[in-house]
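Each chain is listed here by its residues.
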Amino acid sequence: MPAKLDIFNLFSRQQEFSMTNLQYLAILAITLASCHQVNPLDDSSTTGLRGGMWLFQLQTGQVVIPFHAEVAANDTGMCLTIFNAEERIQIKDITLNGDSLLISMPFFNSLLYGKVIGDTVWEGRWIDRNRGEDYSIPFRAVFKDSIRRFDLLTRGNADFSGKWSVTFSPDSVNNTKAIGLFYQNGDRASGTFLTEMGDYRYLEGNTAGNQLAMSCFDGSHAFLFKAEMRRDGSLDGKFWSGNHWSEKWTATRDSSATLRHPDSLTSFDLKKPLNTLSFLGSNDREFVLDMNRLKDKVTIVQIMGSWCPNCADESRLFGELYRQYHKEGLEIVGVSYEKVSLVPEAFEKIAHFKKSAGVEYPIVYGGSASKKKASEDFYMLGEITSFPTAVIFDKNGEIRKVHTGFYGPGTGEYYSKFKGDLEQFIANLLLE
């Protein structure tokens, strides 16, 4: 069992940590705040942590998943910035009391907590409450002014850069296809994997000889990918997600690797026009999605969840589109399916998600985080297989496109192309 948090005596060295869901939500008012105009902390800082780069190591029992973060000071106290390749996750919701430290992660229902040992070591646990009360992984963080690096064997001099055709669980009848996008600069490596449900966001690590290792931590994901290049140039790899999942993967270099187009994965039936869909809006008011709401508007209905990293990436883009085209007639409505059982908790999460993502369009509550439930609600669609799924209606209230999953900014040119194509598609619909 993990150590527990007591919200009423959160940082007492004599107390064990314990917390209920509602108590946790009370302290989860997090903003994705900028750490601009920060200064390194010095040895006399009241935070008790040395300013600069820290190496964190999540110890899953099978493998160690590293990430690095920078500790700095600003006008309100301490700021932490987590690095994943080009991604920067900046956090100011940090509470220190004595030698106990609590960091609430932006967007997702997770936190880092533990005890400061001197000013260069911090030990504790990462708790991901979306996976249950008892899901936690111990970590150790040390002050180390360097980038993350894996200790790998050093034979050979392999080049992993390029596009790869990937198969996860290749020995299983339920294997899945993906595309690997890897970038290499010297022995530094970064990249991501694209699947038909979305992408694995920002991965970072290094190579050595014929081996590759990359990791990611964003508060929801704790990923580690390792691979070894065979003599024929193919890859033999393994993937770990936290301490709950691992699987093999293989890959062959393929500059023309493709997946099915995201617009082709979820079918829709034009013979089933939109009748009345009813969801729960803010202040317990019914939110009705019907032809009257869609008439003379171009509308995107975003089927999502506040716990979903790809949904967060999509929401940032949709927020941009809403600000750009709302006055011209674009409406966006998010329908969020949440991993909580109590309605007040669901709205707490939705409100926090909107604030963190900078979303101005309405997000209503659809129910529990179930693809089956979402498929039943959106009866005019085929089976919903991914959060997020976006349904685009024209001014006549007819479905013109259903986009499954989301390729976020970590996918580079895939994201740029999708963003450009979507903007053009919306602009054309608005002109009809």
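This one's a predicted model, so the numbers in the text were calculated from it and none came from an experiment.

Rules used throughout
Residues numbered from 1 in each chain as written. Predicted model: local features only at pLDDT ≥ 70, side-chain atom pairs only at ≥ 80, totals over all residues. Heavy atoms only, no water. Core = buried A, V, L, I, M, F, W, Y, C linked by side-chain atoms within 4.5 Å. Buried < 20%, exposed > 50% of the residue type's maximum accessible area, 1.4 Å probe, protein only. Contact = heavy atoms within 4.5 Å. Axes fitted to C-alpha atoms, helices over the stretch in contact; angles between N-to-C directions. Helix = DSSP H or I, 4+ residues; strand = E, 2+ residues; numbered from the N terminus. Parallel < 35°, antiparallel > 145°, perpendicular 65-115°, else oblique. Left-handed = near helix turned anticlockwise from the far one by under 90°. Salt bridge = Lys/Arg side-chain N within 4 Å of Asp/Glu carboxyl O.

Q: Is there a simple way to think about the nonpolar core in this case?
A: Nonpolar side chains in soluble globular proteins tend to be buried together. Judged by nonpolar contacts, the single largest core of 58 residues is most densely connected at I303, F378, L381 and I426. Setting aside its immediate chain neighbours within four residues, I303 contacts V335, Y337, A374, F378, L381, I384, F387, P388, T389 and V391. Core analysis: the second largest hydrophobic core is formed by 34 residues, A69, I91, Y135 and F139 among them.

Q: Even after reading the chapter, I still don't get the packing of helix 3 (residues 309–325) against helix 6 (residues 413–431), so can you show me in this structure?
A: The packing of two helices is summarised by the inter-axis angle and the distance between the axes. Between helix 3 and helix 6, the shortest axis-to-axis distance is 12 Å and the interhelical angle comes to 30°. With respect to helix 6, the axis of helix 3 lies roughly parallel. Two packed elements cross with a definite hand, and for helix 3 against helix 6 that hand is right-handed. For the pair helix 3 and helix 6, the contacting residues are L317, F318, E320, L321, Q324 and Y325 in the first and Y415, F418, K419, L422, E423, I426, A427 and L430 in the second.

Q: Help me understand the pattern of salt bridges in this model?
A: Side-chain pairing between opposite charges can occur once the charged atoms of the two side chains come close. A full pass over the atoms with the stated rule returns 19 salt bridges. Here R140 makes a salt bridge to E123, at a shortest N to O gap of 2.3 Å. Placement of the pair is R140 in strand 9 (residues 136–143) and E123 in strand 8 (residues 121–128), with a sequence separation of 17 residues. Here R140 falls in the partly exposed class, since its relative accessible area comes to 32%. Because the salt bridges share partners, they merge into one network encompassing E87, R201, D218, D313 and R316.

Q: Quick question: what am I supposed to make of unusual backbone geometry here?
A: The phi torsion of most residues other than glycine is negative, and most of the peptide bonds are trans. The amide bond that connects F387 to the next residue, P388, takes the cis arrangement and shows omega of 5°. Relative to the assigned elements, P388 resides in the loop between helix 5 (371–377) and strand 24 (389–393). Residues other than glycine seldom take positive phi values, yet S169 does so here, at roughly 50°. Along the chain, S169 falls in the loop between strand 10 (162–168) and strand 11 (176–185). Within the chain, R201 stands out as a residue other than glycine whose phi angle is a positive 60°. Assignment of secondary structure puts R201 in the loop between strand 13 (198–199) and strand 14 (203–208).

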